[in-house]
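Now for the letters of each chain:
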Amino acid sequence: MAESNPSSAATSAVAKVENTAELSFGTEFDDTEIVSILSNAQVAVILKISAQSALNRDEELDDVYKNTQKYVERFNNMKNPEKDYHELASELDNLHAALETFRKEKEDGEEMALHGFEVAALMNLVATDTMVEEAQALIPSLSRFPESAVDEILDLIRSTMIRIVSYGGS
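Residues numbered from 1 in each chain as written. Predicted model: local features only at pLDDT ≥ 70, side-chain atom pairs only at ≥ 80, totals over all residues. Heavy atoms only, no water.

Peer 1: Honestly, the packing of helix H2 (residues 40–56) against helix H4 (residues 85–101) in this entry has me stumped. Any pointers?
Peer 2: If you want to describe how two helices pack, look at the angle between their axes and the distance between the axes. Close contact between H2 and H4 brings their axes to 10 Å; oriented N to C, the two are set at 150°. Judged by the inter-axis angle, H2 sits roughly antiparallel to H4. At the point where H2 passes H4, the crossing takes the left-handed sense. Two secondary-structure elements touch here, H2 through Ala41, Gln42, Val45, Lys48 and Ile49 and H4 through Tyr85, His86, Leu88, Ala89, Leu92, Asp93 and His96. Among the residues forming the contact of H2 with H4, the class breakdown is seven nonpolar, three polar and two charged. (Axes fitted to C-alpha atoms, helices over the stretch in contact; angles between N-to-C directions. Helix = DSSP H or I, 4+ residues; strand = E, 2+ residues; numbered from the N terminus. Parallel < 35°, antiparallel > 145°, perpendicular 65-115°, else oblique. Left-handed = near helix turned anticlockwise from the far one by under 90°. Contact = heavy atoms within 4.5 Å. Nonpolar A, V, L, I, M, F, W, Y, C, P; charged D, E, K, R; others polar.)

Peer 1: What's the story with unusual backbone geometry in this structure? I'm lost.
Peer 2: Trans is the prevailing form of peptide bonds, just as negative phi is the prevailing case for residues other than glycine. Of note, the phi angle at Leu23 is positive, near 55°, even though the residue is not glycine. You can see Leu23 is positioned in the loop between helix H1 (6–12) and H2. For Asp58, which is not glycine, the phi dihedral falls at a positive 60°. With respect to the helices, strands and loops of the structure, Asp58 is situated in the loop between H2 and helix H3 (63–74).

Peer 1: In this structure, what is going on with the pattern of salt bridges? I would like to understand it.
Peer 2: Two side chains bearing opposite charge may form a pair once their charged atoms approach each other closely. Counted by the stated rule, this structure contains seven salt bridges. Linking Lys104 and Glu152 is a salt bridge whose minimum nitrogen-to-oxygen distance equals 3.0 Å. Taken together, the residues span a long stretch of sequence, with Lys104 in strand S1 (residues 103–105) and Glu152 in helix H7 (residues 147–165) at a distance of 48 residues. Given the relative accessible area of 40%, Glu152 is considered partly exposed. (Salt bridge = Lys/Arg side-chain N within 4 Å of Asp/Glu carboxyl O. Buried < 20%, exposed > 50% of the residue type's maximum accessible area, 1.4 Å probe, protein only.)

Peer 1: I'm lost on the packing of aromatic side chains in this one. Help?
Peer 2: Here the distance between the centres and the angle between the planes together describe a pair of aromatic rings. The final tally for this structure, using the stated rule, is two aromatic pairs. The interplanar angle of 55° and the centroid separation of 4.9 Å between the aromatic rings of Tyr71 and Phe75 together place this pair among those described as tilted. In this structure Tyr71 comes out as partly exposed when scored by relative accessible area, which is 47%. A centroid spacing of 6.3 Å and a plane angle of 55° characterise the contact between Phe102 and Phe145, whose relative ring orientation is tilted. Pair noted here: Phe102 is in the loop between H4 and S1 and Phe145 is in the loop between helix H6 (132–138) and H7, with a separation of 43 residues, a long-range link. Both residues of the pair, Phe102 and Phe145, belong to the buried class. (Phe/Tyr/Trp six-rings, centres within 6.5 Å; stacked < 30°, edge-to-face > 60°.)

Peer 1: What's the story with the side chain of Glu118 in this structure? I'm lost.
Peer 2: Structurally, Glu118 is set in helix H5 (residues 116–125). Its relative accessible area of 0% is what places Glu118 among the buried residues. Setting aside anything within four residues of it in sequence, one finds Glu118 in contact with Leu23, Ala113, Ile139, Ser141, Leu142 and Arg144.

Peer 1: Sorry if this is basic, but what is going on with H5 here?
Peer 2: All of the buried residues in H5 are Glu118, Val119, Ala120, Ala121, Leu122 and Met123. Tucked into the core, H5 has its buried residues touching H2, H4, strand S2 (111–113) and H7.

Peer 1: Before we go on, may I ask you to explain the nonpolar core in this structure?
Peer 2: Generally speaking, soluble globular proteins have nonpolar side chains that are buried together. Formed by 28 residues in total, the largest nonpolar core has its most connected members in Met78, Leu114, Leu122 and Ile157. Going through the elements one at a time, H2, H4, H5, H6 and H7 are the ones with two or more residues in this core. With residues up to four places along the chain from it excluded, the contact list for Met78 reads Ala41, Leu88, Leu92, Leu95, Met123, Ile157, Met161 and Ile164. (Core = buried A, V, L, I, M, F, W, Y, C linked by side-chain atoms within 4.5 Å.)

See below:
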């Protein structure tokens, strides 16, 4: 009669080692149909819209909500107080979609795409003066792309950032 050993069950279910440089994440990130990794700017806009909706219903926001909102605003590099939040959400969603669908073909014909983590990290980290080397240092997994492809990605983000920050008051 075989005896079950609880410790062997635990070791067989070894957790997946997470490593952003190798784009290796926990199993909760495996289903990209369900999980979408958002940038700070996207979260900030979602929280602003829902906060406004709560205020319209005379609901009070709790401290966790307010602290989360402060945090994402602090690190949000894509904002313009003159721009309507729904318009801003649309700009950010369009950028997110463009980055998710970005493809580059390698010399061997294999197609490379950005991982959701890279999309959000790029949207969080990129400024209008970010260079390829800096982006690759901050997001090491980008080094699998040729420099010209990373520069193309950065141009896409820069042009969106310029549209966002230069909107209105000029």
